[in-house]
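Structural overview
Listed here are the chains, written in short residue letters.
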Amino acid sequence: MNKEELKKRTKTFSHRCVKLALSLPNTILGKHLQGQLIRAATSVAANYRAACIAHSRASFTSKLSVVIEEADESLFWLEFILEENLIKKERIESLVQEAGELTAIFIASRKTIQTNNKS
């Protein structure tokens, strides 16, 4: 998967999470989870975009680390929403899977960069 495809994939993930978050119940918990998920998921796309224009390998690796943290945090909030039974499982499963895949992709990318820096 190339840089442009990943940019599109992370942005799509962000949009999907926002739509899901906006459908959460209008309760104290629902509003809290809404804000947390929106912040984390949109940060995945924004920080990956920033990583793509980094001026150095170190800067790229640093931004990629933020992307990993935010993708994993998005996964946490999605799992939490699911465990609280706030959204039907069928509606959230593909987002949970996507968050896990994105996290794994970016972890693998960071490992590749770190291995190449040692060579």
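Going by the structure above, here's the rest.
What you see is a predicted model, and the numbers here were worked out from it, not measured in a lab.

Details of the overall build of the protein chain
In terms of helices and strands, the protein chain carries four helices and zero strands. For the protein chain, the sequential pattern of α-helices and β-strands runs α-α-α-α. Counting only C-alpha atoms, the protein chain reaches 50 × 20 × 20 Å along its principal axes. The buried share among the 119 residues of the protein chain stands at 36%. Taken as a whole, the protein chain presents about 7,000 Å² of accessible surface, with 54% of it coming from carbon and sulfur. Each charge class in the protein chain was averaged separately, 18 positive and 13 negative side chains, and the resulting centres sit 8 Å apart.

Quick notes on the pattern of salt bridges
Within this structure, the stated rule accounts for six salt bridges. Put simply, Lys-7 and Glu-4 hold a salt bridge, and the shortest N to O gap is 3.5 Å. With a gap of three residues between them, Lys-7 and Glu-4 both fall in helix H1 (residues 3-22), about one helical turn apart. Classification of Lys-7 as partly exposed rests on a relative accessible area of 24%. For Arg-9, the salt bridge goes to Glu-101, with nearest N and O atoms at 2.6 Å. In this pair, Arg-9 is assigned in helix H1 and Glu-101 in helix H4 (residues 89-118), connecting sequence segments 92 residues apart. Within the structure, one salt-bridge network assembled from shared partners comprises Arg-9, Glu-98 and Glu-101.

Definitions and limits used
- Throughout this description, residue numbers start from 1 for each chain and increase along the sequence as written.
- Predicted model: local features are reported for residues with pLDDT of at least 70 only, side-chain atom pairs are reported and counted for 80 or more only, and whole-chain, interface and lining totals are derived from all residues.
- For the side-chain quantities, the full set of heavy atoms in the structure was used; hydrogens and water were omitted.
- Helical segments are the DSSP runs of H or I of at least four residues, strand segments are the runs of E of at least two, and each set is numbered from the N terminus.
- Buried residues are those whose accessible area, probed at 1.4 Å on protein chains only, stays under 20% of the maximum for their type, while exposed residues exceed 50% and partly exposed ones sit between those limits.
- Using a 1.4 Å probe, the Shrake-Rupley method yields the accessible areas, and only the shown protein chains count as cover for residues.
- Charge counting treats Lys and Arg as positive and Asp and Glu as negative, with His and both chain ends excluded.
- Each charge is placed at NZ for Lys, CZ for Arg, CG for Asp and CD for Glu.
- Any carboxyl oxygen of Asp or Glu that lies within 4 Å of a side-chain nitrogen of Lys or Arg is treated as forming a salt bridge with it.

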